[in-house]
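Spelled out, the chains give:
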Amino acid sequence: MKPTIEPTPGATAPPLPLPSGLDPALAATLTARWEAGPGAVLAREFTNLYGHRDGAADAWNALLSTAAGLAARRDPELHALDAERAQRPDWFLDPGMLGYSTYVDRFGGGFSGVTARIDWLQGLGVRYLHLLPFLRPRDGDNDGGFAVSDYDEVDPRLGTMDDLVGLARRLRASGISLGADLVLNHTADDHAWAVAARAGDPRYRAFYHVYPDREVPDRFEATLPQIFPLTAPGNFTHDAALDAWVWTTFYPFQWDLDWSNPDVFVAMAATLLRTANRGVEVLRLDSIAFLWKRQGTDCMNQPEVHAILRALRALVDVFAPGVLLKAEAIVPMRDLPPYFGGAQGPECHLAYHSSLMTAAWASLALGDTAMLRRVLRDTPTLGPCCSWLTYVRCHDDIGWKVLAPEAVGGDREPPVDLGWVAGFYAGSRADSFADGRPFQSADGGVHGTSGMAADLCGIGRAQRAGDPRAMAEAVDRLLLLYGVAMCCGGLPTLYMGDEIALGNDLAFDDDPGRRHEGRWLHRPAMDWERAADPHAHAPAGVVLARLRAMVAVRRDQSALHAAAPRRVLDAGNPSLLVLARGDQFIGVFNFGPRAVRFAPPVDSWHDLLDASVRGMSFVVRPWGQCWLERG
Ligand code: OTU
């Protein structure tokens, strides 16, 4: 079927209806923003998506009156932030930016515990904190909080909504922007909308994709991927109360919302703005690729997903413009640039560069950077005020499938056997340094790998072997990956615990509520004892000190600004990645087990990570890196 979204030529913004009694200054500000472009985009996209649907006009009115009402109730401090960010819209591209991602309970027990650890984050140089889902989840299994029962209540085990708002404010005062997940592809099956649907309310039944029998599901299923093939096979779940099949891309208790329904758009758009009003400055748009379904496709990255994103961005740009949208689209790189938007309007400010992350791990296993060089060469230059989110690990598995297009090889690159790479990290091979586990891989198929970065880099094995040299190499590997994330242009984001080389959490194996879900392997509780005295817990002290040094160097390097030009240089050795940022900075990363000599093109250079090294040629030790500055 042909995509249905075409831009409406020459569309202009309809007038912005504002409630009477709105503060005149705010009304003027909103109107000016609306007329600067977002109003026309929102009207066009909403009309294209929903104009033909019953109730579209009511939905439009409800959308704008809700949004204006929320703008009127937005905290003055946040209005001030909106104005400030308008002056410097590329603030998050700064090389002083550093992200940190963690679960609230694993890091601080609850919101107040996180507040008490702000100094730790500041000590690392963190400026953006992504707290994994903290809203009220469904009872029982809830996919690590990604099955939300109520978007307006927090998980009571973590504190109260006031605690969250207070935490956001404290973070802001400390120079840290709070990020949170907006789980907009699905709700939990005990969300009020799902409960109403089960009770037979037709309005809410229409919030989900519900089918009386297997006919339509089977047709879709023929071309759909499997996200959790072992623990949640299939994309539809039979629900007894609905007496029907409901679309469940992820777990059976996560019901996909039907975004072709304008009421769903309005409900989730309002959820977005309410979340922003609580002080959340960055919204991680979870599983964004899956929002729109089209028969005969994999139901990912459909054109309507981009129309929805343009509409959401337009709303944010009018009603909460200090807020950033971050795309969590774990898709091959060729499908990623559209998530930043284009000629039809802007979409997200940030997107996870999962191909880069995954290619770095693949290159580490292979001792050959061809895959990584190719991904970097093909990574497009982004428009202004857009940036990649670069990372090493996160709360999910490393999903190898995003690399499928690169793995077939190219003119310059040989094919890569991702099955071999996944096997390398699976923890059972003698020729490997890694202690990971396969995630959702049936019969040796390629899917994902679980594990903390430290253990995937070999720190666990080196510790067990009591081998100082192996330990030093494992530490170098961990820092090598973070070095790439910090140098290649983006917002580098640490995963909790990596800064002290925290290893896998095997305890989940004994927990009947979690043992079926391998991703818990890399969701340990922060080890505050180790953090308090890292040198007593080798190699935590070295990792922490070197990581901090890298962050400090990066902060002052304008060459490492996210928008500074990037070029992969020919290194003459397959284990090296050589990355020029402008003409004053070259990052040299050795992914192989042998030392390599590298001579920069011309001139004399010095290594910013090792003040003693200066000259025209450099020896990069196994898994070592040099950050060379000209002069
Ligand atoms: C996201 O992830 C979250 O990050 C996961 O933690 C959730 O389980 C999932 O959504 C459902 O809410 O497809 O494009 O390990 O990479 O499930 C995003 C697999 C996703 C994840 C995948 C994922």
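Refer to the structure presented above.
Reading guide: rules and limits
- Residues numbered from 1 in each chain as written.
- Predicted model: local features only at pLDDT ≥ 70, side-chain atom pairs only at ≥ 80, totals over all residues.
- Heavy atoms only, no water.
- Helix = DSSP H or I, 4+ residues; strand = E, 2+ residues; numbered from the N terminus.
- Rg over C-alpha atoms; globule rule 2.2 N^0.38 Å.
- Buried < 20%, exposed > 50% of the residue type's maximum accessible area, 1.4 Å probe, protein only.
- Pairing = 2+ DSSP bridges.
- Core = buried A, V, L, I, M, F, W, Y, C linked by side-chain atoms within 4.5 Å.
- Contact = heavy atoms within 4.5 Å.
- Salt bridge = Lys/Arg side-chain N within 4 Å of Asp/Glu carboxyl O.
- Polar contact = N/O pair within 3.5 Å; in protein donor to acceptor, adjacent residues only side chain to side chain.
- Near = heavy atom within 4 Å.
- Areas by Shrake-Rupley, 256 points an atom, 1.4 Å probe, with all protein chains shown as cover.

Peer 1: What is the right way to look at the overall build of the protein chain in this model?
Peer 2: In terms of helices and strands, the protein chain carries 22 helices and 28 strands. A globule of 631 residues ought to have a C-alpha radius of gyration of about 25 Å, and the protein chain, at 24 Å, matches this closely. Expressed along its principal axes, the backbone C-alpha trace of the protein chain runs to roughly 70 × 55 × 50 Å. Counting only residues that meet the buried cut, the protein chain has 61% of its 631 residues in that class.

Peer 1: Sorry if this is basic, but what is going on with the sheet that holds strand β9 (residues 244–247) here?
Peer 2: Consider a sheet: its strands pair through backbone hydrogen bonds, and that pairing is either parallel or antiparallel. One open sheet accounts for three strands, arranged β7-β9-β8; its pairing is antiparallel. The open sheet terminates on both sides in strands that have one partner only, identified here as β7 (210–211) and β8 (236–239). Bridge count for β7 against β9 is two bridges, and the pairing is antiparallel. Bridged to V210 within β9 is V246.

Peer 1: Sorry if this is basic, but what is going on with the nonpolar core here?
Peer 2: Core analysis: the largest hydrophobic core is formed by 205 residues, its most contacted members being Y100, W259, W361 and Y425. The biggest single contributor to this core is helix α20 (residues 468–487), with 12 residues. Excluding residues that lie within four positions of it along the chain, W361 makes contacts with V392, R393, I398, W400, Y425, A453, L456, C457 and L481. Counting residues in each nonpolar core, the second largest holds 13 residues, with L569, L576, V578 and V596 among its members.

Peer 1: It is not clear to me how the sheet that holds strand β25 (residues 605–607) should be interpreted in this structure. Could you clarify?
Peer 2: Spatial ordering of the open sheet is given by β21-β22-β23-β28-β25-β26, a layout of six strands whose pairing is antiparallel. What marks the edges here is a single partner per strand, and that holds for β21 (566–569) and β26 (614–615).

Peer 1: I would appreciate a short explanation of the side chain of H191 in the present structure.
Peer 2: Relative to the helices and strands, H191 is located in the loop between β6 (186–188) and α9 (192–198). Setting aside chain neighbours within four positions, we find H191 in contact with V148, S149, D150, Y151 and Y208.

Peer 1: Would you mind going over the pattern of salt bridges with me for this structure?
Peer 2: Proximity of charged atoms lets side chains of opposite charge pair with each other. Counted by the stated rule, this structure contains 43 salt bridges. Measuring nitrogen to oxygen at the nearest pair gives 3.9 Å for the salt bridge that ties R334 to D335. Classification of D335 by relative accessible area gives partly exposed; the value is 22%. Measuring nitrogen to oxygen at the nearest pair gives 3.6 Å for the salt bridge that ties D435 to R461. Here D435 is found in the loop between α17 (418–425) and β18 (437–439), whereas its partner R461 is found in helix α19 (residues 459–465), with 26 residues between them in sequence.

Peer 1: Can you help me understand the environment of D94 in this one?
Peer 2: Checked against the element boundaries, D94 lands in the loop between α4 (76–87) and β1 (99–102). For D94, a relative accessible area of 24% puts it in the partly exposed group. In sequence terms D94 and H561 are 467 residues apart; their C-alpha atoms lie 5.2 Å from each other. Non-local contacts of D94, meaning those with residues more than four positions away in its chain, are made with R88, R127, R554 and H561. Among the polar contacts listed, one links the side chain of D94 to the backbone nitrogen of G96, at a separation of 2.7 Å.

Peer 1: Looking at this structure, I do not really get the site of the ligand. What am I missing?
Peer 2: Surrounding the ligand, one finds 18 residues, the nearest of these being D143, R284, D286, D396 and D397. Within the side chain of D286, an N or O atom sits 2.8 Å from an oxygen atom of the ligand. Contact distances for the ligand include 2.4 Å between an oxygen atom and a side-chain N or O atom of D396. Coverage of the ligand by the protein amounts to 94% of the 490 Å² it exposes when considered alone.

Peer 1: Where do I start with the pairing of strand β2 (residues 128–131) in this structure?
Peer 2: Side-chain positions along a regular strand alternate between the two faces of the sheet. Because side chains alternate across β2, one face comprises the buried residues Y128 and H130, and the other comprises L129 and L131, equally buried. Relative to β2, β1 runs parallel, the two being bridged by four bridges. Residue pairing in the sheet places Y100 in a bridge with L129 of β2. With four bridges joining them, β2 and strand β5 (residues 177–182) adopt parallel strand pairing. Paired with Y128 across the two strands is S177, which belongs to β5.

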